[in-house]
Amino acid sequence: EAQVTQNPRYLITVTGKKLTVTCSQNMNHEYMSWYRQDPGLGLRQIYYSMNVEVTDKGDVPEGYKVSRKEKRNFPLILESPSPNQTSLYFCASSWGLANEQFFGPGTRLTVL
Amino acid sequence: TQLLEQSPQFLSIQEGENLTVYCNSSSVFSSLQWYRQEPGEGPVLLVTVVTGGEVKKLKRLTFQFGDARKDSSLHITAAQPGDTGLYLCATPAGGTSGSRLTFGEGTQLTVNP
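Rules of the game
- Residues numbered from 1 in each chain as written.
- Chains lettered and ligands numbered in written order.
- Predicted model: local features only at pLDDT ≥ 70, side-chain atom pairs only at ≥ 80, totals over all residues.
- Heavy atoms only, no water.
- 1 Å grid on protein atoms, 1.4 Å probe; cavity = no way out; pocket = protein on both sides within 12 Å on 5 of 7 lines; lining within 4 Å.
- Points joined across faces, edges and corners; volume = space filled by probe spheres on them.
- Helix = DSSP H or I, 4+ residues; strand = E, 2+ residues; numbered from the N terminus.
- Nonpolar A, V, L, I, M, F, W, Y, C, P; charged D, E, K, R; others polar.
- Buried < 20%, exposed > 50% of the residue type's maximum accessible area, 1.4 Å probe, protein only.
- Phe/Tyr/Trp six-rings, centres within 6.5 Å; stacked < 30°, edge-to-face > 60°.

Novice: Please clarify how the layout of surface pockets should be interpreted in this entry.
Specialist: If you roll a probe as big as a water molecule over the atoms, it shows you where there is empty space left. When its volume is computed, the largest pocket comes out at roughly 590 Å³. If you go around the largest pocket, you meet 28 residues; those closest to its centre are A:Gln37, A:Leu88, B:Gln37, B:Leu86 and B:Gln108. Every element with two or more residues in the lining of the largest pocket is listed here: strand 4 (31-38) and strand 9 (87-94) of chain A together with strand 9 (85-93) and strand 11 (107-112) of chain B. Within the lining of the largest pocket, the residues separate by chemical class into 9 nonpolar, 13 polar and 6 charged.

Novice: When you look at the side chain of A:Ser94 in this model, what are you seeing that I'm missing?
Specialist: Secondary-structure assignment places A:Ser94 in strand 9. Residue classification places A:Ser94 among the buried positions, given a relative accessible area of 0%.

Novice: What is the right way to read the packing of aromatic side chains from this model?
Specialist: We describe a pair of aromatic rings using the distance from one ring centre to the other and the angle between the two ring planes. All chains considered together, the criterion is met by 10 aromatic pairs over all chains. An angle of 85 degrees between the planes, with centres 5.8 Å apart, marks the rings of A:Phe103 and B:Tyr35 as edge-to-face. With A:Phe103 in strand 10 (residues 102-103) and B:Tyr35 in strand 4 (residues 32-37), the pair connects residues from two separate chains. The burial state of A:Phe103 is the same as that of B:Tyr35; both residues are buried. Judged by centre distance (6.0 Å) and plane angle (25 degrees), the ring pair of B:Phe29 and B:Phe65 falls under stacked. Here the residue B:Phe29 occupies a position in the loop between strand 3 (19-24) and strand 4, and B:Phe65 occupies one in strand 7 (residues 61-65), the gap between them amounting to 36 residues. Each of the two residues, B:Phe29 as well as B:Phe65, counts as buried. An aromatic cluster is present here, built from A:Tyr35, A:Phe90, A:Phe103, B:Tyr35 and B:Phe103 joined pairwise through their rings.

Novice: How should the environment of A:Leu112 be read in this particular structure?
Specialist: All names here are of chain A. Position of leucine 112 relative to the elements: it lies in the segment after strand 11 (107-111). For leucine 112, a relative accessible area of 60% gives the class exposed. Along the primary structure leucine 112 and glutamate 53 are separated by 59 residues, whereas in three dimensions their C-alpha atoms are 33 Å apart.

This is how it looks when you write it as structure tokens:
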């Protein structure tokens, strides 16, 4: 089954404790991206990757890092999480920017 | 970054009613995607419109792309409770190589039985 998986689905952590949210897709897509979704602000792109070893900042990259060492994986790293990063995070993949984005199920992160 | 304005922000209607939601921008869209997001899930693509004036139908949903490609609308006929969800429009825009995808804030639709 074609899908995008994210782990964990739910995470509660404390300020400053490094964490990684994993994202994996099995569709051989080249384009992958991370979004955060907040009430009243909609979906905002954090980082995106057009291919292996090619990543670029989205609209809200501060406080986040990503890597794309393999085509299928695109982890999101929070080196020192802060409460304002409490949000619902989605990973997505597609053949290209103008193509259908396939979203993962989301990761609800709470930073205390 | 191209800004997308969606209206209304919230819409609550009774089963069987018709409704229209809108997605507008001051800039021309290269293409526009409409997604629906249900609670606890990621958005799912409904349709992509590319050509000015284009109309696409998906069962009871009708999508229209403005002639000038600066606006789009989604019309639902005889809404059902299963149509409840967050409707999002998105367009490629911005970035060093035009490679970002920008979403509107969405229209939260509730269809009451």
